[in-house]
Amino acid sequence: MNRPRQRICIADIGRVVTGKTPPTKQPELYGTSYPFITPTDIGDDSRNVQPARFISELGRKRHSSAMLPPNAVCFTCIASIGKICMTKQLSLTNQQINSVIVDESKHDPRYVFYLLITETERIKAVAGGVATPIINKTAFSEMEMEVHPLTIQRKIAAILSAYD
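Novice: Which residues make up unusual backbone geometry, and what are the values?
Specialist: Even without being glycine, Asn71 reaches a positive phi, approximately 75°. Residue placement: Asn71 occurs in the loop between α2 (57–62) and β5 (73–76). Relative accessible area serves as the criterion here: at 34%, Asn71 is assigned to the partly exposed category.

Novice: Which residues make up helix α5 (residues 150–163), and what are the values?
Specialist: Given 3.6 residues per helical turn, the α-helix brings residues three or four places apart onto the same face. Between the first and last C-alpha of α5 there are 20 Å, a value that for 14 residues agrees with the 20 Å anticipated at 1.5 Å per step. Leu150, Gln153, Ala157 and Ser161 are the residues of α5 that are buried. On an axial view of α5, the arc spanned by its buried residues comes to 60°, and they lie on one face. Opposite the buried face of α5, by more than 90 degrees, sit the exposed residues Lys155, Ile159, Ala162 and Tyr163. Against α3 (109–125) and β9 (144–147) lie the buried residues of α5.

Novice: Talk me through the pattern of salt bridges; I want residue IDs and the actual numbers.
Specialist: Under the definition given, this model contains 7 salt bridges. Arg7 serves as the salt-bridge partner of Glu144, at 3.2 Å between the closest nitrogen and oxygen. Here the residue Glu144 occupies a position in strand β9, and Arg7 occupies one in strand β1 (residues 6–9), the gap between them amounting to 137 residues. Residue Glu144 is classed as partly exposed on the basis of its relative accessible area, which comes to 39%. With a closest N to O distance of 2.6 Å, Glu57 and Arg60 form a salt bridge. Of this pair, Glu57 and Arg60 both sit in helix α2, separated by 3 residues, roughly a single helical turn. For Glu57, a relative accessible area of 30% corresponds to the partly exposed category. Here Arg60 falls in the partly exposed class, since its relative accessible area comes to 21%. Salt bridges sharing partners connect three or more residues here, namely Arg5, Arg7, Glu144 and Glu146.

Analysis parameters
Starting afresh in each chain, residues are numbered from 1 along the sequence in its written order. In keeping with the predicted nature of the model, local features appear solely for residues at pLDDT of at least 70, side-chain atom pairs appear and are counted solely at 80 or more, and the whole-chain, interface and lining totals rest on all residues. Note that water and hydrogens are dropped before the side-chain values are worked out from all heavy atoms of the structure. Comment: elements are numbered from the N terminus, with helices defined as DSSP H or I runs of at least four residues and strands as E runs of at least two. Exposure is judged per residue with a 1.4 Å probe applied to protein chains only, and the accessible area is read against the type maximum: over 50% gives exposed, under 20% gives buried, and values in between give partly exposed. Any helix carries an expected span of 1.5 Å times its number of residues minus one. Each C-beta atom gives one direction from the helix axis, and the arc is the one those directions make. Any two residues having at least one pair of non-hydrogen atoms within 4.5 Å are treated as being in contact. Salt bridge criterion: a side-chain nitrogen from Lys or Arg within 4 Å of a carboxyl oxygen from Asp or Glu.

As structure tokens, this is what we get:
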């Protein structure tokens, strides 16, 4: 018998990481090896992203704590709140993006992607900031959501992915 949905925080889904931007005054940190994802790279209708810039191996080493593995779910949390995508390979995002490195033993990354899409308006509603809306890492991490058991997550993700 399947367990009912449970209410958990985003931080319980996986590790939340805020991106970093390599200094442009250090061009050796940029290159062709790893995607550098910014909000302008994220479209409104796809989980795939087409980054305009990439970082080098040196850039990866310099920002190793902010590097994201494949299947991380990226969510913009400043200005254009709610743009969302998933990484396909080892990637770095800028500081406007909080990403969830999903604990795949408990959650399906594609399900988390679709869950965050459905929760975008609620997340936007808690954003502070007068001139520029922002939801900081702590507030983002503490957002509560209802999640299905993993077996159901996988079924939901498979159905929704078929439409992408």
